[in-house]
Amino acid sequence: MLTFTAWLLTGNFYKDTENKPIKKRIQKTGIFLFGMRNIWTISSNIEFYNIKGQIIEDQIFYKNNVCDSKYIYEYNVFDSLQKVVWHTGKDLTPQKVIIYTYDNYKRPFQKLVYEISKLKIDTFMYEKTTWFYDIKNRKYKTVIENYSKEYPSSAGITTMIDVFNEKGLVVSDTFISTSSVYITKYTYDKYGHKKTKFGGLTNDSIYYKTNIKGQVIEEMEKSNDFVSNKNKYSYDQNGNNIKTILDIDNGRTYSSKYDKNNRLIKERLSGNFLYILMAYNQFSYDYFE
């Protein structure tokens, strides 16, 4: 019994990360006995970074510790994201390519999404996003154009337009599709922290409570006088989100643990079996010297 207890408790120990640039971050999703000892790994992710802290590769593993898919990231001369290539399938061949372009002011201008067919030799663009800026350098309009060879009926144009107040805060955004128009309106307190959100695609009425840093600590959704959801968020003294309670499906609780370098170490997910078996993400890091 003492041996089992020691084995269980030591599974909950962790070592503080090092204060060095991260070379690799490993995330393992699994089932933990009493939330302490990992007894079954469901999946894992390995993220690789360059010395500048930019992610350059994300590998995803599921069965038998085999890489099922991966994302490769490339950057331009001014260190903004330029290309993302998604590799998948048995031989990890390219499936999707995302290209980012920038204007003369180095602002994001377009995102072009291409699909590479595995059934026939073909590459085609199926989505194009274009961003527009106002005279104050604010991104006020987004236009998404969808094209489809396989499903022509899904093609169309979606436009999103933001309106700002004198403080530069978004007070409304308009969503325009080929068949409908939705407007969402926002209000803020005297500190510029969000207070309410009304309208949108789902006609939400959402009320926010924030802390002194402007972080949302409560999010309440109402329909007339009926409260349909009330979510709560907690933060540590460094501003890290350490607990989230989502008031849906009888409630879901997520919690996160950070070390002294504010790096995520462990993250509890929704779901458990009699509080004996619990789902967690666990993180470890390698560093540049």
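Look up: the structure comes first, before these words.
Let us look at the structure shown here.

How each quantity is defined
Residues numbered from 1 in each chain as written. Predicted model: local features only at pLDDT ≥ 70, side-chain atom pairs only at ≥ 80, totals over all residues. Heavy atoms only, no water. Helix = DSSP H or I, 4+ residues; strand = E, 2+ residues; numbered from the N terminus. Buried < 20%, exposed > 50% of the residue type's maximum accessible area, 1.4 Å probe, protein only. Contact = heavy atoms within 4.5 Å. Areas by Shrake-Rupley, 256 points an atom, 1.4 Å probe, with all protein chains shown as cover. Lys, Arg positive; Asp, Glu negative; His and termini not counted. Charge placed at Lys NZ, Arg CZ, Asp CG, Glu CD. Pairing = 2+ DSSP bridges. Patch = residues over 30% accessible without salt bridge, like charges linked within 9 Å, V, L, I, M, F, W, Y side chains within 5 Å. Salt bridge = Lys/Arg side-chain N within 4 Å of Asp/Glu carboxyl O. Phe/Tyr/Trp six-rings, centres within 6.5 Å; stacked < 30°, edge-to-face > 60°. Lys NZ or Arg CZ within 6 Å of the ring centre and 35° of its normal. Core = buried A, V, L, I, M, F, W, Y, C linked by side-chain atoms within 4.5 Å. Polar contact = N/O pair within 3.5 Å; in protein donor to acceptor, adjacent residues only side chain to side chain.

### As for the overall build of the protein chain
Summing up its helical and strand segments, the protein chain has one helix and 20 strands in all. Across its three principal axes, the protein chain shows a C-alpha extent of roughly 65 × 55 × 40 Å. Each of the 289 residues in the protein chain was classed as buried or not, and the buried ones make up 32%. Counting only contacts in the protein chain whose residues sit at least 6 apart along the sequence, the fraction spanning at least 24 positions is 22%. Working note: accessible area of the protein chain is about 18,500 Å², and carbon and sulfur atoms make up 53% of it. In the protein chain, the 42 positive side-chain charges and the 32 negative ones have mean positions that sit 3 Å from each other.

### Observations regarding the pairing of strand 9 (residues 139-146)
Here strand 8 (residues 122-133) runs beside strand 9; their pairing, made up of seven bridges, is antiparallel. What sits directly across from Thr129, in strand 9, is Ile144. With antiparallel pairing between neighbouring strands as the criterion, strand 8 and strand 9 make up a hairpin whose turn holds five residues, including Asn137 at a positive phi of roughly 65°. Where strand 9 meets strand 10 (residues 156-164), six bridges bridge the pair, whose relative direction is antiparallel. Looking at the pairing, Thr142 lines up with Met160 of strand 10.

### Quick notes on a nonpolar patch on the surface
Together, Ile39, Trp40, Ile42, Phe273, Leu274 and Leu277 make up a nonpolar patch on the protein surface, roughly 610 Å² of accessible area in all. Element by element, the count of residues in the nonpolar patch is highest for strand 2 (residues 37-49), at three residues. By the element assignment, Ile42 lies in strand 2. Overall, the relative accessible area of 36% leaves Ile42 in the partly exposed class.

### Here we look at the side chain of Ser43
Locating Ser43 in the fold gives a position in strand 2. Ignoring any residue separated from it by four or fewer positions in sequence, one finds Ser43 in contact with Gln27, Lys28, Thr29, Phe61 and Tyr62.

### Let's talk about the pattern of salt bridges
Under the defined criterion, the tally for this structure stands at nine salt bridges. Put simply, Glu18, Lys20 and Glu289 are held in one network by salt bridges that share partners.

### Regarding the packing of aromatic side chains
A full pass over the atoms with the stated rule returns five aromatic pairs. Their ring planes at 85° and their centres at 5.4 Å tell us that Phe78 and Tyr102 sit as a pair that is edge-to-face. A residue pair is termed long-range when its members are at least 10 positions apart, and Phe78 in the loop between strand 4 (67-75) and strand 5 (81-88) and Tyr102 in strand 6 (residues 93-102) qualify at 24 residues. Here the guanidinium or amino end of Lys139 rests over the ring plane of Trp131, the centre of that ring lying 4.7 Å away. Sitting over the ring of Tyr207, Lys222 keeps its end group 5.6 Å from the ring centre.

### Side note on the nonpolar core
In terms of nonpolar packing, the biggest core is built from eight residues, these being Tyr49, Ile55, Tyr73, Val84, Ile98, Val113, Phe124 and Tyr126. Membership of the second largest hydrophobic core comes to five residues, among which are Leu264, Ile265, Tyr285 and Tyr287.

### So, unusual backbone geometry
Despite not being glycine, Lys106 shows a phi value in the positive range, around 65°. Looking at where Lys106 falls in the secondary structure, it is placed in the loop between strand 6 and strand 7 (108-117). The backbone of Asn262 shows a phi angle near 60°, a positive value even though the residue is not glycine. By secondary structure assignment, the location of Asn262 is in the loop between strand 18 (252-258) and strand 19 (264-273).

### Description of the side chain of Glu47
By the secondary structure assignment, Glu47 is in strand 2. Of the residues examined, Glu47 reaches a relative accessible area of 13% and is grouped as buried. Separated by 2.5 Å, the side chains of Glu47 and Tyr49 make a polar contact. The residues contacting Glu47, other than those within four sequence positions of it, are Lys23, Lys24, Arg25, Ile55, Glu57 and Asp58.

### Regarding the environment of Asp79
Tracing the sequence through the fold places Asp79 in the loop between strand 4 and strand 5. Judged by its relative accessible area of 34%, Asp79 falls in the partly exposed class. The spatial distance from the C-alpha of Asp79 to the C-alpha of Asp173 is 30 Å, given a sequence separation of 94 residues. Among the polar contacts listed, one links the side chain of Asp79 to the side chain of Lys52, at a separation of 3.0 Å.

### Things to note about the environment of Gln59
Within the secondary structure, Gln59 is located in strand 3 (residues 55-61). In this structure Gln59 comes out as buried when scored by relative accessible area, which is 17%. Residues Gln59 and Gly200, 141 residues apart in the sequence, show an inter-C-alpha distance of 36 Å. Once residues lying within four places of it in the same chain are set aside, the contact partners of Gln59 are Ser44, Asn45, Ile46, Phe48, Cys67, Ser69 and Lys70.

Purely geometric numbers; function is a separate question.
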